[in-house]
Amino acid sequence: MKKLTLVLFLSFSGATGFAQSIENGKLLFEQGDYERAVLIFERVDTDESVLFLGKSYFGLNNYLKAANYLNQIEQGAEQEIYQDARYTLALAYFQLDDFAHSLDVLQALISQTPSSSITRAANELYDDILGFLTPKQRFDTFKELTSNEARLDLVESASGKVDYHTLTTLLNLFKNSTPDYNELRVNRLETLLSDSVSYWNRYNPNTLVTAPRGMSYNIGVALPEFEFESPEYEIAQHLYFGIQLAIEQFNRETADQKAFITYRNTSDVTSTSSSIVEDLVWNEDVDVIIGPLFSQVAKEFSMVAETYEIPVLLPLANADSLDLYNNYVFQLNPAFGAQGKSIARYAVNELGYDTLGVIAEKGSLGAPAARAFRHEAERNDGFVQYYFVEDLESVGYDIRDYTQFFTTDTLDSIPMVKAVYAPFTGTIAQTLIESMLTELEAMNSTVGILGSEEWQNVNLDQRRLDSTVVYYSESFNIDTSTTGAAEFITEFRIRFQTEPNDFAFIGFDAASIVLNELKLVKNPKYLRDSLKDLNNYRGLSIDVSFNGTHVNQDIKIRKVLRQSDLETSEIGIIQPDQQKR
């Protein structure tokens, strides 16, 4: 939601019978009590009361109703009232993404004489809107403008911001559709476009976008609610608190842009995923949605997000199936397939494990990780000797029939592997990890182990596996010893009277990513592409590089430490074509 701060330019006094009522209404308006102000202005039939009725509805985000009242004030009204009404009307049209009507109104307003504080503000807003539009918005706006002067301004303002062919097309559209135009200005544009090489050299697609002062954004947050006694209660609560803290910090530090939260409960049985997204888009005009929490709901959200072209940032969901519906959906938590690829590259290229085994449970989240691991290992000239993705539940999770192949005993006739990838996930993961380590101990195996994040708490010092090393992939990691983390903990504790858990850090990072990108691009229509190009973001809980995709590609590979180890081995996996923005 591109909400703009509404400026109170004037202070009028009406006729004697209505003066006190109008003054009371204006006092409520200035205090932001728009609902009570409406009740007063509706009872007074003057141009000034209609003006403030429209401004009050604007303050209530009811832009259609605001425009309806503001359009009732005709040019015969007192000049200051009329100009204020037209300026506010332009703001309302801007909020409704009706840029053509907004520019038409502003162009007529700034041409009035003598100049006033309102016409000067209108001129500034006019220029900001011209610099705010995306190329598509320019074409759509051009076709709807009625003012030839505004249409030519729109074409001229596109110079250097759009590519050569787009500007050429816009100029030709203007010439072919306008019988009488300013030839001097058109000739300057034609001269500019006569040398395409020169234009391409000055064209800068990264030209900073302008935005009207006081612009703010509506961040939709879609998370489930849990009972207070539920172990999941603090997951959603702290995620939300982290998001809220990031938005409050943004509002403190950013003078010309503000952000607001609109929350929806995804566990409300009376609402479907479609209705939640539609409500956020249609009724709340959100610019982006953070959430939902779980992969299945996220998949449903993603399909609706495509329809309404609204970016969705998933803080935790990481199912590989989401990648099929992700034109507008971005996953902070890397998919298991991406984790499998990363650890495969590291195993072959950095650790030198050229002969490998794989074991995972069929139907689990580790299965796509196993498939991706095999494909990436072989693509990097590794050889997967054994590949077991089996229904382990059917054998009571007894994996001896598979672990017998993972041996380094040179007297054994079974071909050896140098490492085994075991992406165990879910509630059964620790049982499978314990079973596998026990079997490897019995075989005196020294094979390396590569695993999912569930392997991070393995205690090798208590095992008879003196030569075994364990590496695992990791998405989130919070180092509370850093200055940034310490400041976050302090501010969180003061703000919410509780200690932040890991999910609070994740929520803070998710919102910070969105807000940083909106601060950069200004126009929310650029947000999707901006997120896609995001690389090398360093957060409190996660590092993020979408690297031209919709799934975070920045995955850490960590080594399980023994007592004798002095420090953590941490390797950031960076894609070959990844570049810092």
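Computed from a prediction, not measured in an experiment: that's the story for all the values here.

A. Local environment of the overall build of the protein. Within the protein one finds 22 helices and 14 strands. Here the C-alpha coordinates of the protein stretch approximately 105 × 65 × 40 Å along the principal axes. Put simply, of all contacts in the protein between residues at least 6 apart along the chain, 64% involve residues at least 24 apart. As displayed, the protein has an accessible area near 26600 Å², and 46% of this comes from carbon and sulfur atoms.

B. The arrangement of the pairing of strand E8 (residues 419-422) in detail. Of the two faces of E8, the one lined by Ala419 and Tyr421 and the one lined by Val420 and Ala422 are each fully buried. Sheet topology places strand E6 (residues 355-361) next to E8; three bridges connect them, and they run parallel. Note that in E8 the partner of Leu356 across the bridge is Ala419. Each parallel crossover has a hand, and for E8 linked through helix H19 (residues 429-442) to strand E9 (residues 448-451) it is right-handed.

C. Fine view of the side chain of Gln257. Within the secondary structure, Gln257 is located in strand E2 (residues 257-265). In terms of polar contacts, Gln257 uses its side chain to reach the side chain of Tyr217, at 2.9 Å.

D. Representation of the environment of Ile81. Following the sequence through the fold, Ile81 ends up in helix H5 (residues 79-95). When its relative accessible area of 5% is taken as the criterion, Ile81 is described as buried. The sequence separation of Ile81 and Phe52 amounts to 29 residues, and the corresponding C-alpha distance is 9.7 Å.

E. Up close: the pairing of strand E1 (residues 215-223). Of all nine residues in E1, nine are buried, a share of seventy percent or more. Residues of E1 alternate between two faces, with Met215, Tyr217, Ile219, Val221 and Leu223 on one and Ser216, Asn218, Gly220 and Ala222 on the opposite face, all of them buried. For the crossover from E1 across helix H13 (residues 233-253) to E2, the handedness is right-handed. In this structure, E1 lies alongside strand E3 (residues 288-290), joined through three bridges in parallel fashion. Within E3, the residue paired with Ile219 across the bridge is Val288.

F. Region of interest: the side chain of Thr262. Inspection of the secondary structure assignment puts Thr262 in strand E2. Side-chain polar atoms of Thr262 contact the side chain of Asn218, separated by 2.8 Å. With sequence-adjacent residues up to four places away left out, Thr262 is seen in contact with Asn218, Ile219, Gly220, Val221, Leu280, Glu284 and Val286.

G. Highlighting the confidence of the model for the protein. Residues of the protein with pLDDT of at least 70 account for 91%, and the chain-wide mean is 87. Per-element confidence in the protein is highest for E3, whose mean pLDDT is 96, and lowest for strand E14 (residues 570-573), whose mean pLDDT is 47. Low pLDDT (under 50) marks residues 11-17, which in the prediction has 13 contacts with non-local residues, meaning those over four places away or in another chain. Across residues 567-581, where pLDDT falls below 50, the model places 39 contacts with residues more than four positions away in sequence or in other chains.

H. Summary view of the sheet that holds strand E5 (residues 329-331). On the basis of which strands lie adjacent, the open sheet formed by five strands has the order E2-E1-E3-E4-E5 and parallel pairing. Where the open sheet ends on each side, the last strands, each with one partner, are E2 and E5. Each strand of the sheet is rotated relative to its neighbour by a mean of 25°, with strand direction disregarded. Both strand E4 (residues 312-314) and E5 contribute to a ladder of three bridges, which runs parallel.

I. Main features of the nonpolar core. One finds Tyr87 and Ile219 to be the most contacted residues of the largest nonpolar core, which totals 109 residues. The next biggest cluster of nonpolar side chains, apart from the first, holds 28 residues, and it includes Phe388, Phe424, Ile428 and Trp455.

J. Seen up close, the packing of H13 against helix H21 (residues 502-521). Direction vectors running N to C along H13 and H21 enclose 35°, while the axes themselves pass 7 Å from each other. Relative to H21, the crossing made by H13 is right-handed. For the pair H13 and H21, contact is made by Ile235, His238, Leu239, Gly242, Ile243, Leu245, Ala246, Ile247, Gln249 and Phe250 and by Phe503, Ala504, Ile506, Gly507, Phe508, Ala511, Ser512, Leu515 and Lys519, respectively. Of the residues that constitute the contact of H13 with H21, the class distribution is 13 nonpolar, five polar and one charged.

K. Focus on the packing of aromatic side chains. Enumeration according to the criterion identifies 30 aromatic pairs in this entry. Here the aromatic rings of Phe388 and Phe405 are separated by 5.7 Å at their centres, their planes lie at 45°, and the arrangement is tilted. Here Phe388, found in strand E7 (residues 383-390), pairs with Phe405, found in the loop between helix H18 (400-403) and E8; they are 17 residues apart in sequence, far enough to count as distant. For Phe405, a relative accessible area of 23% corresponds to the partly exposed category. These aromatic residues form a ring-pair network of at least three members: Phe241, Phe488, Phe492, Phe496, Phe505 and Phe508. One cation-aromatic arrangement involves Arg374 over Tyr387; the distance from NZ or CZ to the ring centre is 3.7 Å.

L. How the structure looks around helix H17 (residues 366-379). Look at H17: 20 Å from first C-alpha to last across 14 residues, which is about the 20 Å you get at 1.5 Å a residue. Turning to H17, the residues buried within the fold contact helix H16 (336-350), E6, E7, E8 and E9. After H17 finishes, the residue Asp381 shows a positive phi value of roughly 70°.

M. Representation of a negative patch on the surface. A grouping of Asp45, Asp47, Glu74, Glu78 and Glu80 is seen on the molecular surface, where their side chains present a negatively charged patch. As for its position among the elements, Asp45 is in the loop between helix H2 (34-41) and helix H3 (47-59).

N. Quick look at the environment of Met443. As for its placement among the helices and strands, Met443 is situated in the loop between H19 and E9. Taking the C-alpha atoms as reference points, Met443 and Ser159, separated by 284 residues in sequence, lie 72 Å from one another. If we skip the residues at most four places from it in the chain, Met443 touches Thr403, Gln404 and Phe406.

O. Spatial organisation of the pattern of salt bridges. Considering all chains together, one arrives at 29 salt bridges under this definition. Of the charged contacts, one joins Lys143 and Asp140 as a salt bridge, the two residues approaching to 3.9 Å between their closest N and O atoms. Of this pair, Lys143 and Asp140 both sit in helix H8 (residues 135-144), three residues apart, which is roughly one turn of that helix. Exposure remark for Asp140: the relative accessible area of 29% places this residue in the partly exposed category. Among the salt bridges present, the one from Arg463 reaches Glu441, with a minimum N-O distance of 3.2 Å. Taken together, the positions of Arg463 in the loop between E9 and strand E10 (470-474) and Glu441 in helix H19 put the pair 22 residues apart, joining distant regions of the chain. Residue Arg463 shares its accessibility class with Glu441, and that shared class is buried. Ionic contacts of the salt-bridge type, sharing partners, join the residues Glu149, Asp153, Glu156, Arg185 and Arg188 into one network.

Reading the values: the criteria
- Residues numbered from 1 in each chain as written.
- Predicted model: local features only at pLDDT ≥ 70, side-chain atom pairs only at ≥ 80, totals over all residues.
- Heavy atoms only, no water.
- Helix = DSSP H or I, 4+ residues; strand = E, 2+ residues; numbered from the N terminus.
- Contact = heavy atoms within 4.5 Å.
- Areas by Shrake-Rupley, 256 points an atom, 1.4 Å probe, with all protein chains shown as cover.
- Buried < 20%, exposed > 50% of the residue type's maximum accessible area, 1.4 Å probe, protein only.
- Pairing = 2+ DSSP bridges.
- Right-handed = clockwise from strand over helix to strand, strands pointing away.
- Polar contact = N/O pair within 3.5 Å; in protein donor to acceptor, adjacent residues only side chain to side chain.
- pLDDT = per-residue confidence, 0-100.
- Axes fitted to C-alpha atoms, helices over the stretch in contact; angles between N-to-C directions.
- Core = buried A, V, L, I, M, F, W, Y, C linked by side-chain atoms within 4.5 Å.
- Left-handed = near helix turned anticlockwise from the far one by under 90°.
- Nonpolar A, V, L, I, M, F, W, Y, C, P; charged D, E, K, R; others polar.
- Phe/Tyr/Trp six-rings, centres within 6.5 Å; stacked < 30°, edge-to-face > 60°.
- Lys NZ or Arg CZ within 6 Å of the ring centre and 35° of its normal.
- Expected span 1.5 Å × (residues − 1).
- Patch = residues over 30% accessible without salt bridge, like charges linked within 9 Å, V, L, I, M, F, W, Y side chains within 5 Å.
- Salt bridge = Lys/Arg side-chain N within 4 Å of Asp/Glu carboxyl O.
- Lys, Arg positive; Asp, Glu negative; His and termini not counted.
- Charge placed at Lys NZ, Arg CZ, Asp CG, Glu CD.

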